[in-house]
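Structure assessment
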Amino acid sequence: MPLTSASLVGNFAISNVEERFLYLAESLKPTRRKALPKPAFAVLFAALILASYSFVLQPSYPAPEFDENGEKIQYMEIEDIKLIHKKDGSYQEIYQNEVVDIPQYIAEKMIQQGVEIIEE
């Protein structure tokens, strides 16, 4: 068989088509991926959730000086507050020489926080 330039081009074209076909056929074969074992996946997932709750990003704000009405907010220290328990069962709060009647449930919370009680 004589080798002419036309036959070289024809043979090259067929081999090129065959090579492309084989390349595509190889890529269509199912491949095996390395799967992560289910227990390892569960541990990794749990660790990720725990790690995400370990960090809480919050902005830092200074304590407000005024309330919504524009009045100055007074921060009361427990050492400066005294409760008067009256004979009728009611409570009064003494703070900076000012006496205010307070409900019993608030007085009970203040007692739990360690406010000094004066029995009347």
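Being a predicted model, the structure only gives us computed values, none of them experimental.

Turning next to the overall build of the chain. A count of helices and strands for the chain gives three helices and four strands. Mapped from its N terminus to its C terminus, the chain presents α and β elements in the order α-α-β-β-β-α-β. Out of the 120 residues in the chain, the part that is buried amounts to 9%. A separation of at least 24 residues holds for 34% of the contacts in the chain among residues at least 6 apart in sequence.

Relative to the elements of secondary structure, Glu 93 occurs in strand β2 (residues 91-95). Here Glu 93 sits buried without a salt bridge, and the closest side chain of opposite charge, Lys 82, lies 12 Å off (N-O distance). Among residues more than four places away in sequence, those in contact with Glu 93 are Met 76, Ile 81, Lys 82, Leu 83, Glu 98, Val 99, Val 100, Ile 102 and Met 110.

Glancing now at a nonpolar patch on the surface. On the surface, a nonpolar cluster with roughly 690 Å² of combined accessible area is contributed by Leu 36, Phe 41, Leu 44, Phe 45, Ile 49 and Tyr 53. Along the polypeptide, Leu 44 turns up in helix α2 (residues 38-54).

Time to look at the packing of aromatic side chains. Under the definition given, this model contains one aromatic pair. On the numbers, 6.3 Å between centres and 20° between planes, the contact of Phe 41 with Phe 45 is stacked. You can see Phe 41 and its partner Phe 45 sitting in helix α2, four residues apart, about one turn around the helix. The positively charged end of Lys 72 is found above the aromatic ring belonging to Phe 66, 6.0 Å away from the centroid.

Turning to its location among the elements, Val 100 is positioned in strand β3 (residues 98-102). On the basis of relative accessibility, which here comes to 33%, the residue Val 100 falls in the partly exposed class. Between the alpha carbons of Val 100 and Ile 84 there is a distance of 9.9 Å; along the sequence they are 16 residues apart. When residues no more than four places from it in sequence are discounted, the contact partners of Val 100 are Tyr 91, Gln 92 and Glu 93.

This part takes up the pairing of β2. Across the five residues that make up β2, a large majority, four, are buried. One ladder, built from five bridges, connects strand β1 (residues 81-85) with β2; its direction is antiparallel. Note on β2: the bridge partner recorded for His 85 is Tyr 91. The hairpin formed by β1 and β2 contains five residues between the paired strands, and Gly 89 there has a positive phi angle of roughly 95°. Sheet analysis places β2 next to β3, joined by five bridges and oriented antiparallel. Bridge pairing links Ile 94 to Val 99 in β3. Linking two consecutive strands that pair antiparallel, namely β2 and β3, is a turn of two residues; a positive phi of about 50° is found at Gln 96 within it.

Ile 81, Leu 83, Tyr 91, Tyr 95, Ile 102, Ala 107, Met 110 and Val 115 together form the largest nonpolar core, which totals eight residues. When residues of this core are traced back to their parent elements, those giving at least two are β1, β2 and α3 (104-112). If we skip the residues at most four places from it in the chain, Ile 81 touches Met 76, Glu 93, Ile 94, Tyr 95, Met 110, Val 115 and Glu 116.

Thresholds applied
- Residues numbered from 1 in each chain as written.
- Predicted model: local features only at pLDDT ≥ 70, side-chain atom pairs only at ≥ 80, totals over all residues.
- Heavy atoms only, no water.
- Helix = DSSP H or I, 4+ residues; strand = E, 2+ residues; numbered from the N terminus.
- Buried < 20%, exposed > 50% of the residue type's maximum accessible area, 1.4 Å probe, protein only.
- Contact = heavy atoms within 4.5 Å.
- Lys, Arg positive; Asp, Glu negative; His and termini not counted.
- Salt bridge = Lys/Arg side-chain N within 4 Å of Asp/Glu carboxyl O.
- Patch = residues over 30% accessible without salt bridge, like charges linked within 9 Å, V, L, I, M, F, W, Y side chains within 5 Å.
- Areas by Shrake-Rupley, 256 points an atom, 1.4 Å probe, with all protein chains shown as cover.
- Phe/Tyr/Trp six-rings, centres within 6.5 Å; stacked < 30°, edge-to-face > 60°.
- Lys NZ or Arg CZ within 6 Å of the ring centre and 35° of its normal.
- Pairing = 2+ DSSP bridges.
- Core = buried A, V, L, I, M, F, W, Y, C linked by side-chain atoms within 4.5 Å.

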